Each structure stands twice: as structure tokens, then as C-alpha cells.
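# Structural overview for review
Residues per chain, in single letters:
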Amino acid sequence: MSDSATHIKDFPIRLRGHSFDDFAVDIVFEHHWGRTIEQSDNILFSLTTLQFNPLFFNREYAKADGHADIVVAPMLVFATVFGLSVEDLSERGGAFLGVDDLSFEAPVHVGDTLTARSTVQALRPSKSDANYGIATWLTEGFNQRGDRVIVFTRSNLVPRRDASL
């Protein structure tokens, strides 16, 4: 390695995301930006995950079934809304503990823009590791018209601010 090479130790470690101590029950996070679901997103996701429902890739089939356009695969809707919440809720790290009460409330169509909002529902210390707490959030996803299209709760282990990891 040359003398001019940069070493990892030369970069300070910057923790991202929130610690367990930053959360309080009923705090609401309006997650940034949103994401427009393009036809290519939906087709690639549907076919690579073997979701061969023609609603997800056949416009004429979707219209014949009463939809305005191709329907976005529900698991892509879930993954997108979940992903929009990560920076605010779980980017700091800690094990993902699961999703409960997942409900798809309205179809999402190609070209819709999804946004997300999460509310802290519950907080408790971890019984197995004092460096972590368990946070549970209610996450809602909305289309560009403000219609709620998905809702679920999820829980994560979240490191405490003073954790010795």
C-alpha cells in the first residue's frame, strides 16, 4: 500500500439513526421523500419473486378486473413503505423482531407515489441485553392522494444511546 492510501482508521465513525433513548410513545415520524413506483419496479419485483399474478404485469387483464392500471404487487408496496421508515426508526441497527397486523387497504397502481408515517406504539427494555430496548411502531403508507394503502406494526431491538457494543 502506498503512503498516500487512506486507511479506514482515518475516517471517524458516525452513528446514524436514532437510539432507543430518542423514542417516546406517541411520537410521530413523517418519513421523507416518498417513492414513485414505476412499471419497471413492479415487473422486476413481481417476476423475480415469482409472483405470477397477471394483475401485476398485464395492463389489459388488470383493466378487465376493474383496475385503472396494472396493480403493484402488495409485497413491493410493503417493502417500499417499510424501507421509507428505516432511516428514522431502525437504521442504528439491532435485530428486526417482526411485523404484526399487516393490512393492505387499497390497491396501488403503477405511477403512484408512496409516502410513510410511523408512530411509536410501545417501548420496553430488553430482558436479555441491557444495551438494547425493544421499540414497536405503527407504520402507515399513503398514495399521492393521501389514501392509506397499507398499515402494519413492527418491532426492533434498538441500541441504547450509551450502549457498549
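No experiment lies behind these values; they were computed from the predicted model shown.

## A short note on the overall build of the chain
- For the chain, the count of helices and strands is 3 helices and 6 strands.
- When its C-alpha atoms are laid out on the principal axes, the chain stretches across 60 × 50 × 25 Å.
- Per-residue burial over the chain gives 39% buried out of 165 residues.
- Accessible area for the chain stands at about 9,500 Å²; split by element, carbon and sulfur atoms hold 54% of it.
- With 15 positive and 22 negative side-chain charges, the chain shows a spacing of 3 Å between the two charge centroids.

## Focus: the environment of Tyr132
- Relative to the helices and strands, Tyr132 is located in strand E5 (residues 132–142).
- Between the C-alpha atom of Tyr132 and that of Ala122, which follows or precedes it by 10 residues, the distance is 14 Å.

## Things to note about the confidence of the model for the chain
- In the predicted model, the chain carries a mean pLDDT of 91, and the fraction of residues at 70 or more is 90%.
- Taken element by element, the chain is modelled with least confidence in helix H1 (residues 39–48), mean pLDDT 94, and with most confidence in strand E4 (residues 113–125), mean pLDDT 98.

## Points about the pairing of E5
- Burial within E5 is extensive, with 10 of its 11 residues counted as buried.
- Sheet topology note: the E4/E5 ladder contains 10 bridges and is antiparallel. Across the sheet, Ser118 pairs through a bridge with Thr139, a residue of E5.
- Both E5 and strand E6 (residues 148–159) contribute to a ladder of 11 bridges, which runs antiparallel.

## Here's the deal with a nonpolar patch on the surface
- A cluster of nonpolar side chains, contributed by Leu47, Leu50, Phe52 and Phe57, occupies part of the molecular surface with about 400 Å² of accessible area.
- The residue Leu47 is located in helix H1 in this model.

## A short note on the packing of aromatic side chains
- One pass over the structure, following the stated rule, counts 6 aromatic pairs.
- Taking 5.6 Å as the distance between ring centres and 65° as the angle between the ring planes, the aromatic pair formed by Phe23 and Trp137 counts as edge-to-face. Taken together, the residues Phe23 in the segment before strand E1 (28–30) and Trp137 in strand E5 connect sequence positions 114 residues apart.
- Judged by relative accessible area, which is 7%, Phe23 ranks as buried.
- Taken together, the aromatic side chains of Phe78, Phe82, Phe96 and Phe152 make up a single cluster linked through ring pairs.

## Description of the nonpolar core
- Grouped together as the largest cluster of nonpolar side chains are 21 residues, with contacts concentrated most on Val72, Val77, Leu114 and Ile150.
- Secondary-structure elements contributing two or more residues to this core are helix H3 (74–89), E4 and E6.
- With 6 residues, the top contributor of residues to this core is H3.
- Excluding anything up to four places from it in sequence, Ile150 contacts Val77, Phe78, Val81, Leu102, Ser103, Phe104, Glu105, Thr139, Glu140 and Gly141.
- Grouped together as the second largest cluster of nonpolar side chains are 8 residues, Phe23, Leu89, Val120 and Ala135 included.

Reading the values: the criteria
Residues numbered from 1 in each chain as written. Predicted model: local features only at pLDDT ≥ 70, side-chain atom pairs only at ≥ 80, totals over all residues. Heavy atoms only, no water. Helix = DSSP H or I, 4+ residues; strand = E, 2+ residues; numbered from the N terminus. Buried < 20%, exposed > 50% of the residue type's maximum accessible area, 1.4 Å probe, protein only. Areas by Shrake-Rupley, 256 points an atom, 1.4 Å probe, with all protein chains shown as cover. Lys, Arg positive; Asp, Glu negative; His and termini not counted. Charge placed at Lys NZ, Arg CZ, Asp CG, Glu CD. pLDDT = per-residue confidence, 0-100. Pairing = 2+ DSSP bridges. Patch = residues over 30% accessible without salt bridge, like charges linked within 9 Å, V, L, I, M, F, W, Y side chains within 5 Å. Salt bridge = Lys/Arg side-chain N within 4 Å of Asp/Glu carboxyl O. Phe/Tyr/Trp six-rings, centres within 6.5 Å; stacked < 30°, edge-to-face > 60°. Core = buried A, V, L, I, M, F, W, Y, C linked by side-chain atoms within 4.5 Å. Contact = heavy atoms within 4.5 Å.

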